[in-house]
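If you want the building blocks of each chain, they are given just below.
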Amino acid sequence: MTVQQKKLTEANLTVGYVAKRSGVKVSTLHFYETKGLIRSWRNSGNQRRYKPDVLRRIAVIKAAQAMGITLEEVKQTLATLPDERTPTKKDWSALSKQWQTQLDERITFMQRLRERVDGCIGCGCLSMEKCPIYNKDDYLGENQSGAVLLETDG
């Protein structure tokens, strides 16, 4: 067994090792921990230690973030696993399917934004008199706010 393999089988990975191995900063690990996304334990010297499965959890978190999934959504999804265990390959397949609908909605939204970004995005502004949906008397503001028409299929 190599030194590398031995480190991975031990349940006392240092914060520096986990940061280097997972490609995130130590401060990010601390942040993930405060958000309840990962867990550590303290050794007799009061130093953080991690179990090897934290590397998979971090990989899931990074993959989810790359897809545009928020950390809160990641936390809620990981909390659905029995005993909040680290996702297995089968778990990851199920988790990713849950996120596919969200991703499809985001893709649709981004496509609408791309199509409208050089013209009217349906903000309901009161300043563009040549806008095809000129918001005279702020009728759009009566029930909604923001880019109200961008969020519709119109």
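Relevant structure appears above.
Small disclaimer: the values here were computed from a predicted structure and weren't measured.

Student: Can you walk me through the overall build of the protein chain in this structure?
Tutor: A count of helical and extended segments in the protein chain gives six helices and three strands. Along the protein chain, helices (α) and strands (β) appear in the sequence α-β-α-α-β-β-α-α-α when read from the amino end. Here the protein chain holds 154 residues, and the buried ones make up 28% of them.

Student: Would you mind going over the layout of surface pockets with me for this structure?
Tutor: Rolled over the atoms, a probe sized like a water molecule indicates the empty space that remains. There is about 220 Å³ of room inside the largest pocket. Together, 13 residues line the largest pocket, and Ile38, Arg39, Ser40, Lys51 and Asp53 are the ones closest to its centre. Here the lining of the largest pocket is built from residues that sort into four nonpolar, three polar and six charged.

Student: Can you help me understand the pattern of salt bridges in this one?
Tutor: Pairing is possible between side chains that carry opposite charge, provided their charged atoms lie close to one another. Enumeration over the complete set of coordinates arrives at two salt bridges. Between arginine 106 and glutamate 73 there is a salt bridge whose closest N-O contact spans 3.3 Å. A residue pair is termed long-range when its members are at least 10 positions apart, and arginine 106 in helix H6 (residues 89-116) and glutamate 73 in helix H5 (residues 71-78) qualify at 33 residues.

Student: Honestly, the packing of helix H2 (residues 15-22) against helix H3 (residues 26-34) in this entry has me stumped. Any pointers?
Tutor: Think of two packed helices as two axes; the pair is described by the angle between the axes and how far apart they sit. Running from N to C, H2 and H3 point in directions that differ by 100°, and their axes come no closer than 9 Å. Compared by their axis directions, H2 and H3 come out roughly perpendicular. Between H2 and H3, the contacting residues are Val15, Val18 and Ala19 on the first element and Val26, Leu29 and His30 on the second. Classifying every residue of the contact of H2 with H3 gives five nonpolar, one polar and no charged.

Student: Would you mind showing me how to read the packing of H2 against helix H4 (residues 54-66) here?
Tutor: The N-to-C vectors of H2 and H4 enclose an angle of 45°; their axes lie 10 Å apart at closest approach. Relative to H4, the element H2 is oriented oblique. Between H2 and H4 the crossing geometry is right-handed. In this structure, H2 uses Val18, Arg21 and Ser22 to contact H4, whose residues at the interface are Val54, Leu55, Ile58 and Lys62. Taken together, the residues of the contact of H2 with H4 sort by class into four nonpolar, one polar and two charged.

Student: Just checking my understanding: could you explain the packing of aromatic side chains for this structure?
Tutor: Note on aromatic pairs: each is described by the distance of the centres and the angle between the planes. Per the stated rule, a full pass over the model turns up one aromatic pair. Measuring from centroid to centroid gives 5.8 Å for tryptophan 92 and tryptophan 99, while their planes differ by 70°, and the two rings are edge-to-face.

Student: Looking at this model, I keep getting lost on unusual backbone geometry. Mind explaining?
Tutor: Of all residues except glycine, most have a negative phi; of all peptide bonds, most are trans. One non-glycine residue, asparagine 46, lies in the positive phi region at around 65°. Take asparagine 46: it is sitting in the loop between strand E2 (41-42) and strand E3 (48-50).

Student: Even after reading the chapter, I still don't get the side chain of asparagine 43, so can you show me in this structure?
Tutor: Considering the arrangement of structural elements, one finds asparagine 43 in the loop between E2 and E3. Here the side chain of asparagine 43 touches glycine 45 through a polar contact of 2.9 Å, landing on its backbone nitrogen. A polar atom in the side chain of asparagine 43 sits 2.9 Å from the backbone nitrogen of glutamine 47.

Cut-offs applied
Residues numbered from 1 in each chain as written. Predicted model: local features only at pLDDT ≥ 70, side-chain atom pairs only at ≥ 80, totals over all residues. Heavy atoms only, no water. Helix = DSSP H or I, 4+ residues; strand = E, 2+ residues; numbered from the N terminus. Buried < 20%, exposed > 50% of the residue type's maximum accessible area, 1.4 Å probe, protein only. 1 Å grid on protein atoms, 1.4 Å probe; cavity = no way out; pocket = protein on both sides within 12 Å on 5 of 7 lines; lining within 4 Å. Points joined across faces, edges and corners; volume = space filled by probe spheres on them. Nonpolar A, V, L, I, M, F, W, Y, C, P; charged D, E, K, R; others polar. Salt bridge = Lys/Arg side-chain N within 4 Å of Asp/Glu carboxyl O. Axes fitted to C-alpha atoms, helices over the stretch in contact; angles between N-to-C directions. Parallel < 35°, antiparallel > 145°, perpendicular 65-115°, else oblique. Contact = heavy atoms within 4.5 Å. Left-handed = near helix turned anticlockwise from the far one by under 90°. Phe/Tyr/Trp six-rings, centres within 6.5 Å; stacked < 30°, edge-to-face > 60°. Polar contact = N/O pair within 3.5 Å; in protein donor to acceptor, adjacent residues only side chain to side chain.

As far as function goes, none of this settles anything; it's purely spatial.
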